[in-house]
Structure formats: C-alpha cells, structure tokens
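# Structural features, examined
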Amino acid sequence: MPEPTASAATPEKAATKDITFCVPCYNSSDYMDHCIDSILRGKGNIEIIIVNDGSTKDDTAAKADAWAERHPDIIKVIHQENKGHGGAVMAGLRAASGVYFKVVDSDDWLDPVALNLLLSKVRRFITSGSPVDLIVANYVYEHTNSGTQKVIRYRGFLPQNRVFTWNEIGPFGPGQNLLMHATVYRTQVLRDSGVELPEHTFYVDNIFVYVPLPHVQTLYYLPVNLYRYFIGREDQSVNENVQISRLDQQMRITRVMVEAHKLPDGVGNWKLAHYMASFLGLIVTASSIFCLLEGTEKGLRMRREMWEHIDSVDRDLKTTLGLRQWLVLGSNLPGPLGRRTSVSLYRLAQRLYRFS
C-alpha cells in the first residue's frame, strides 16, 4: 500500500501557523470550492490542508492541486488511499503546523465575518503566551429541503467572551452539545490526548470531540455563527436511512465512547463528568433507536450487545446515563410495545429539536 503523499511538513516541526483548517474530501468536486473559498476569506496566518481521501469518481484530486498551486503559502494537499473521514482527519492532524486545528467538511463552509473574529482572537491568544485549549463558537444547520436555518448557541451553558474552566460551565440545554462543528482545539491538546479515529468509519466526529475533553483545562466561547453545516443531501451521513444502513459503524463509535467516558486519574471535575455522561447518553440513545429502526433481529441483537457492553465496562453507567437523559430510559423500554414507544419518543424529540 503506498504511503500518503503530501506537501505538508512533518508534525514534529514547531507550529508556524496560527490555525490549520483540515478539509477532508472524498469525491467532493461539486462543492469543495465553496468550502475552501470561504476559509480563504479569513485574514490571518492560516493553513488549509486538503486531504483527498482516495477520490476516484470526479476531479477532486485535480481541484485540490489547483488550489494549492494558486495559494502555495496557505494550502497543502495530501493524497491518500481511501481511509474514510477518520483517516482523513488524522492525516490532517499529523501534518498540521497550526497552533489550533479545525475540521471543515467539504460540503460545509464558514461565515467570513465570524471567521475573521475567530482569527483575531486566536492571534491574541497566541501572542499572550497562554493559548486556551478549546475555543467554542456557534454553528448553523442549513436545512436545504426546507430552506430554513437553526442556530446552535451556547448561551447559559458557557460564559461568553472570556477564558474559563470546566468549573464555570452551567447546565446545558437541548442541542447544546460540543460537536466538531462548534469546536476549535489547540493542536497539541489533540495530540496529547492520544485521540485516534478509526478508518473507514462514519460518525468519528463524536470521538474527535469527546476523547480530548478531559485534557482541556481552559476554554473560550466566542458567540458568533461560524460554521454553516449543510444538511439535506440524500446520501449524507446524517440522513436517517443512511445511518441505519451504517448501523455497525454507529455501534463501533458507541463502543469507543463508552470505554472513554471515565475521567483519567487526576481529572476529577464533576461538571465535566456530568457533561460527558450526558453526551454519551445521547449517543447511546441514538444507537439504541437506530437498532430498532433497522427492523430485523440483527438490529435487536446489536442493541442487546450494546447494553451488555455498557454493563461490562461500568455496572453503574446505565443508571448514570438514565439519570442524565430521560431519552436513555425511553430508548430501552422492554417488549414490542416498549420498542414502539421508544421509537415514538424518538420521533417526538426529532420534531422538537430538529437534529436531522
């Protein structure tokens, strides 16, 4: 198997850019230009790493090289055999020379005004000599089918426009979860956390955000609508039918997160532990419901194995998750009637929170 080729520097090299934007691309030629152009509207010391993840059906590779030729001081390209979203993100992280690191999927884009506010803040953190570990900004669901938007904000959950610690986070509301769209990690925090994303697996963005959280000591919430998250393509990974067809991958992600839910020794912050348990509850709920929606004995078996794995990792975890999220209890009701009720509760939550 050939090694990935790249014009990027080795990861051991000292950071030379303020921030690296990693753009994983797989047969993305129809929409990648919009994404890259939006990042280039940022006025700052930035790096863009386009990872061509084995595209074969279009001219993604040629487009990536053309972008690098036009902006050789900013854009680098990695060409590799297909490894999936996780493999592409890991390739970008290994090659990144930025103090900060952000993933921007090739069908999404960044708001230019918000981006430049972020870059100004990043520069200030770096020059201060004490860069924060995690920056959070709002993101926007762009629902193409309905032509509507839904902004995810963190007011009330996170203090605004100042550096803070986990001790200062408040109770989070529906949808106020720290997803990849919202987060900008300090690159060294990601590397020190040892986060590894499985290859050929969707939904690794949950691992990417979740595993490094205990290594974060300082945070900053910039209340601007930075990330525009496109949602609506029939082949998109968050499409419900697609998620059900990839149930094995969803369960793989769930297993990793269950095994990562306990805080390491020396990290005893109860507010962080509460948040991590609550977010894990949502992942477990989704996995349990998708097993039911799969509609066969295979799905029921995978659901049963998931709960058995949870018990094997932590006998108290099921109770803990149930105390954090009513949906966890609702997703695990016994018998045929209970399973139908679980699906109905999921549909209700789906309409209320518009998460897909």
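The structure presented is a predicted model; accordingly, all values stated were derived computationally and were not measured.

## Some details on the overall build of the protein chain
- A count of helical and extended segments in the protein chain gives 13 helices and 11 strands.
- Partitioning the intrachain contacts of the protein chain with sequence separation of at least 6 by distance along the chain shows that 77% fall at a separation of at least 24.
- By element, 51% of the accessible surface of the protein chain is carried by carbon and sulfur atoms, the whole surface being about 15500 Å².

## Comments concerning the packing of aromatic side chains
- The final tally for this structure, using the stated rule, is 13 aromatic pairs.
- Look at Tyr-139 and Tyr-141: their rings are 5.4 Å apart centre to centre, the planes differ by 75°, and that puts the pair in the edge-to-face class.
- Residue classification places Tyr-139 among the buried residues on the basis of a relative accessible area of 1%.
- Overall, the relative accessible area of 8% leaves Tyr-141 in the buried class.
- Judged by centre distance (6.1 Å) and plane angle (35°), the ring pair of Tyr-210 and Phe-279 falls under tilted. With Tyr-210 in helix α6 (residues 205–210) and Phe-279 in helix α9 (residues 270–294), the pair connects residues that are 69 residues apart, well separated along the chain. Of the two residues, Tyr-210 and Phe-279, both sit in the buried class.
- Members of the aromatic cluster, joined through ring pairs, are Tyr-154, Phe-157, Phe-172, Tyr-210, Tyr-221, Tyr-275 and Phe-279.
- Cation over ring: Arg-70 sits above Trp-67, and NZ or CZ is 4.4 Å from the ring centre.

## Remarks on the packing of helix α1 (residues 32–40) against helix α2 (residues 60–70)
- In contact at an axis separation of 11 Å, α1 and α2 are set at 20° when each is read in the N-to-C sense. For the element pair α1 / α2, the angle class is roughly parallel. Crossing of α1 against α2: the hand is right-handed. Counting all contacts with α1, which are made through Met-32, Asp-33, Ile-36, Asp-37 and Leu-40, the residues of α2 involved are Thr-60, Lys-63, Ala-64 and Trp-67.
- For the contact of α1 with α2, the class distribution of residues is five nonpolar, one polar and three charged.

## Some thoughts on the nonpolar core
- Ranked by internal contacts, the top residues of the largest apolar core, which has 111 residues, are Phe-21, Ile-48, Ile-50, Tyr-154, Leu-178 and Phe-208.
- The element that contributes the greatest number of residues to this core is α9, accounting for 13 residues.
- Dropping the residues within four chain positions of it, Ile-50 is found in contact with Val-23, Cys-25, Met-32, Ile-36, Ala-64, Trp-67, Ile-75, Lys-76, Val-77 and Ile-78.

## Comments concerning the pairing of strand β7 (residues 134–143)
- Most of β7 sits inside the fold, with 10 of its 10 residues counted as buried.
- Pairing analysis gives three bridges linking β7 to strand β10 (residues 183–186), with the strands arranged antiparallel. Along β10, the bridge assignment pairs Ile-135 with Val-184.
- Pairing of β7 with strand β11 (residues 219–231) involves 10 bridges; the strand directions are parallel. Of the residues in β11, the one forming a bridge with Ala-137 is Leu-222.
- The sheet contact formed by β7 and strand β8 (residues 148–152) spans five bridges and is antiparallel. Paired with Val-140 across the strands is Val-151, a residue of β8.
- In this antiparallel pair of consecutive strands, β7 and β8, the connection spans four residues, and Gly-147 shows a positive phi of 70°.

## Points about the packing of α9 against helix α10 (residues 297–313)
- At their nearest, the axes of α9 and α10 sit 7 Å apart, and the two run at 155° to each other. Viewed along their axes, α9 and α10 adopt a mutual orientation that is roughly antiparallel. Judged by the sense of rotation from one axis to the other, the crossing of α9 with α10 is left-handed. On α10, the residues that touch Val-284, Ser-287, Ser-288, Cys-291, Leu-292 and Glu-294 of α9 are Lys-298, Gly-299, Leu-300, Met-302, Arg-303, Met-306, Trp-307 and Ile-310.

Definitions and limits used
- Residues numbered from 1 in each chain as written.
- Predicted model: local features only at pLDDT ≥ 70, side-chain atom pairs only at ≥ 80, totals over all residues.
- Heavy atoms only, no water.
- Helix = DSSP H or I, 4+ residues; strand = E, 2+ residues; numbered from the N terminus.
- Contact = heavy atoms within 4.5 Å.
- Areas by Shrake-Rupley, 256 points an atom, 1.4 Å probe, with all protein chains shown as cover.
- Phe/Tyr/Trp six-rings, centres within 6.5 Å; stacked < 30°, edge-to-face > 60°.
- Buried < 20%, exposed > 50% of the residue type's maximum accessible area, 1.4 Å probe, protein only.
- Lys NZ or Arg CZ within 6 Å of the ring centre and 35° of its normal.
- Axes fitted to C-alpha atoms, helices over the stretch in contact; angles between N-to-C directions.
- Parallel < 35°, antiparallel > 145°, perpendicular 65-115°, else oblique.
- Left-handed = near helix turned anticlockwise from the far one by under 90°.
- Nonpolar A, V, L, I, M, F, W, Y, C, P; charged D, E, K, R; others polar.
- Core = buried A, V, L, I, M, F, W, Y, C linked by side-chain atoms within 4.5 Å.
- Pairing = 2+ DSSP bridges.

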